[in-house]
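# Remarks on the overall topology
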Amino acid sequence: MSANTSAPTAFDVLIVGAGISGIGAAYYLQREHPGRSFAVIEARGALGGTWDLFRYPGIRSDSDLHTFGYAFKPWRDKDAIADGDKIRSYLQETAAENAIDRRIRLHTKVVSANWSSQHGRWTVVAERTDTGDRSTLTCKWLFGAAGYYRYDEGFTPQFTGRERFRGRIVHPQHWPQDLDYEGKRVVVIGSGATAVTLVPAMARTAGHVVMLQRTPSYILPVPPGDKIADGLKRVLGEKRGHELARRKNILRQAALWSLCRRFPRTARRLIRRANVKLLPEGYPVDEHFNPPYEPWDQRLCAVPDGDLFQALRRGDATMVTDRIETFTENGLRLVSGRELAADIVVTATGLNVQAMGGIRLNVDGRAIEFEDTVAYKGMMLSGVPNFAFAVGYTNSSWTLKIGLLCEHFCRLLTRMDEEDFDIACPVISDAQMPLRPFLDFQAGYIRRAVARLPRQGDRAPWLTSMHYGKDVKLLRKLPVEDPELQLTRSAGHRHAPAVSPQVEV
C-alpha cells in the first residue's frame, strides 16, 4: 500500500494474505460478487505466501498440483509434484490473469482489527513493514488468509552447546542465498517434509549429507508426473481434462487416507514394502523408516521419483535415528555416543504456529482470545461477526478445502444480500457441547500451539471436517442458513457511513 492518500480506505471485504489462499479468495469473490470492493493486504514484499518465503534447495509441494492448484486454473506443467519456483510462477500468473495483482497492497501488515456492531464494520490498523507508518482501513468483512504459521521465525529447539559449534547453523525458513555447501559435510536435523526434501537436493553437490531424526516418518515414493492427467488433457482438452484429473486425484487421496485410517497395519506394510524395494539390500529399514505412530497420525512425506532413497543408495546421504546430546566444536554428539562431523547444520525442526496471522481482534471493545472461540464450519469463529478465515486440509491437498470455503463464503454474502442483512455471527446454542482441538493432528508444530488455537465441537456446524466429500455437501450443496448463525442488521445499516470512526494508531 502506497502513501498515496487517494488510495481507497473503505472496502466491502479486506483479505489478509496474498498466498495461495488469499489469491483464491480474491478470485471467487470477484467472480461471484463483481460489484463488491475488496483489497488484499500482504505483509511481505511479494505475493505467493509460503511459496515466496521458502527458498531452500529442492522446495516443492507434497501434493499433486492438479488438486493443490486451483479448480479454475489448470496445471500445465509436466511435473505433478512441482518445485517452489513453478508454484510461485503459477500463483503470479493466476493473480495477473484475473487482475488480482492490482488489488494487492504489499508491505502492509494488519496489527489489529476492531469490530463495531453499531456501524456493522471493522476498523483495521495496518502498518507498513518497510517504513513503520500506520494507517486505518475499514471493511464490512475481514477474511483471514494468512495461513497458520509465523513467517518471521521458524521453530528451533534449545540445543545444548550450540554456541560452541564452529560451523554454520541454518533454518530452512530463512535460507541464506549465499550459503555454499558444495563439498561440505551437512547434517539436516528433522524427519518431516522439509528434511526429506532438503537431503536429496543438497546431496547432489555436498560432500555428504546426514539426515538426523529423533523419530522416523512415513515416507512414500510417488511418480513426479501424472501420465493419466496428461493423457486426459491431450484427449479431452485442457479444461475437461483438468476437471477429470482433479477428480481422479481427489479420489486417490481419499482412498489412501481411508486405507491408512481403517487398516493401519496394512498401510504400514505397504509403505514398508515400497521403502524396502528402493533401499540397498540389508538396509535397517525398521530402524529408520518405522514410526511409532500410525499412518496419517502425522502427514505422510511424499518423495517424487524416490529421490531420497536414490541418495541413500548412492551413498551421498546417510540416515541416522538418534537424539542429540550436545553440539560440539566440530559437529554433534548423540545420546548413543556417536559423533557426527559437520560444516553446516540445518535445523529442519518445524514451524511456529499462530492463529489468524497474529491479528489482534476486538469485538465492541472486547478482546478476542482465539482459544476461547469455536470454529463454525471451519471458516468462522463463535462470537466474532463478519470474520471468515481459510485453513485447508491436513490430510489432503490444502487448496481443495480453500476452494470450498471461498465458495461458501460467497454464497453467504449472496444470501445476506437477498435478505438485506449486513451482520453474520455464529453463536453456540449448547453451552455444554464437548470441545476438542481445532486441528486434531499429532504433528509437533500443532501440539506446541494447540492450546492457543480455536477449538471445535462434536457436531455440525461446529465440527471441522477433514473429509472432502462431506465438505462438498456441507459447504457447496446444503443451504447457507443455519440455526447457529445469526443474521442481523446493524443500527445504521441503510445509512451507514462509508468509514467508521477512526481509532488511534
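Let us look at the structure shown here.

## Concerning the sheet that holds strand 15 (residues 331–334)
Whenever strands of a sheet pair, they do so through backbone hydrogen bonds, lying parallel or antiparallel. Here we have three strands laid out as an open sheet, ordered 14-15-16, and antiparallel in their pairing. In this open sheet, the two edge strands, each paired with only one partner strand, are strand 14 (324–328) and strand 16 (339–341). The sheet shows a mean angle of 20 degrees between the axes of neighbouring strands, taken without regard to direction. In terms of strand pairing, strand 14 meets strand 15 through four bridges, oriented antiparallel.

## Brief notes about the state of the cysteines
The tally for this structure, following the rule as stated, stands at zero disulfides. Between cysteine 260, a cysteine without a disulfide, and cysteine 301, which holds the nearest cysteine sulfur, the sulfur-to-sulfur distance is 13 Å. Note on cysteine 406: no disulfide assigned, nearest cysteine sulfur contributed by cysteine 410 at a separation of 6.9 Å.

## With respect to the sheet that holds strand 8 (residues 168–170)
Reading across from one edge, 8-17-9-10-13 is the order of the five strands in this open sheet, with parallel pairing throughout. The open sheet has two edge strands, strand 8 and strand 13 (317–321), and neither has a second partner. In this sheet, neighbouring strand axes are inclined to one another by 20 degrees on average, regardless of whether the strands run parallel or antiparallel. The sheet contact formed by strand 10 (residues 208–213) and strand 13 spans five bridges and is parallel. Pairing of glutamine 213 across the sheet is with threonine 321, part of strand 13. Of the strands in this sheet, strand 9 (185–189), strand 10, strand 13 and strand 17 (344–347) are in contact with helix 5 (residues 193–203), which crosses strand 10 at around 165 degrees.

## What to know about the environment of lysine 86
As for its position among the elements, lysine 86 is in helix 4 (residues 84–97). Judged by its relative accessible area of 24%, lysine 86 is partly exposed.

## A word on a positive patch on the surface
Side chains of Arg214, Arg323, Arg447 and Arg448 sit close together on the surface and give a patch of like positive charge. When you line up the elements, arginine 448 lands in helix 12 (residues 444–449).

## Brief notes about the packing of helix 6 (residues 227–236) against helix 7 (residues 238–262)
Two numbers describe how helix 6 lies on helix 7: the axes approach to 7 Å, and their chain directions differ by 150 degrees. One element, helix 6, and the other, helix 7, form an angle in the roughly antiparallel class. The way helix 6 lies across helix 7 gives a crossing that is right-handed. Contacts between helix 6 and helix 7 involve Ile228, Ala229, Leu232, Lys233 and Leu236 on the former and, on the latter, Glu238, Arg240, Gly241, His242, Leu244, Ala245 and Lys248. Tallied by class, residues from the contact of helix 6 with helix 7 come to six nonpolar, two polar and four charged.

## Considerations on the pattern of salt bridges
Opposite charge on two side chains lets them pair, provided their charged atoms get close. Evaluated as defined, the whole model comprises 39 salt bridges. Aspartate 79 is paired through a salt bridge with lysine 78; the nearest N and O atoms lie 3.4 Å apart. Its relative accessible area of 60% is what places lysine 78 among the exposed residues. Connected through salt bridges with shared partners, the residues Lys73, Arg76, Glu93, Glu97 and Glu238 form a single ionic network.

Cut-off values and rules
- Residues numbered from 1 in each chain as written.
- Predicted model: local features only at pLDDT ≥ 70, side-chain atom pairs only at ≥ 80, totals over all residues.
- Heavy atoms only, no water.
- Pairing = 2+ DSSP bridges.
- Helix = DSSP H or I, 4+ residues; strand = E, 2+ residues; numbered from the N terminus.
- Axes fitted to C-alpha atoms, helices over the stretch in contact; angles between N-to-C directions.
- Disulfide = S-S within 2.5 Å.
- Contact = heavy atoms within 4.5 Å.
- Buried < 20%, exposed > 50% of the residue type's maximum accessible area, 1.4 Å probe, protein only.
- Patch = residues over 30% accessible without salt bridge, like charges linked within 9 Å, V, L, I, M, F, W, Y side chains within 5 Å.
- Areas by Shrake-Rupley, 256 points an atom, 1.4 Å probe, with all protein chains shown as cover.
- Salt bridge = Lys/Arg side-chain N within 4 Å of Asp/Glu carboxyl O.
- Lys, Arg positive; Asp, Glu negative; His and termini not counted.
- Charge placed at Lys NZ, Arg CZ, Asp CG, Glu CD.
- Parallel < 35°, antiparallel > 145°, perpendicular 65-115°, else oblique.
- Left-handed = near helix turned anticlockwise from the far one by under 90°.
- Nonpolar A, V, L, I, M, F, W, Y, C, P; charged D, E, K, R; others polar.

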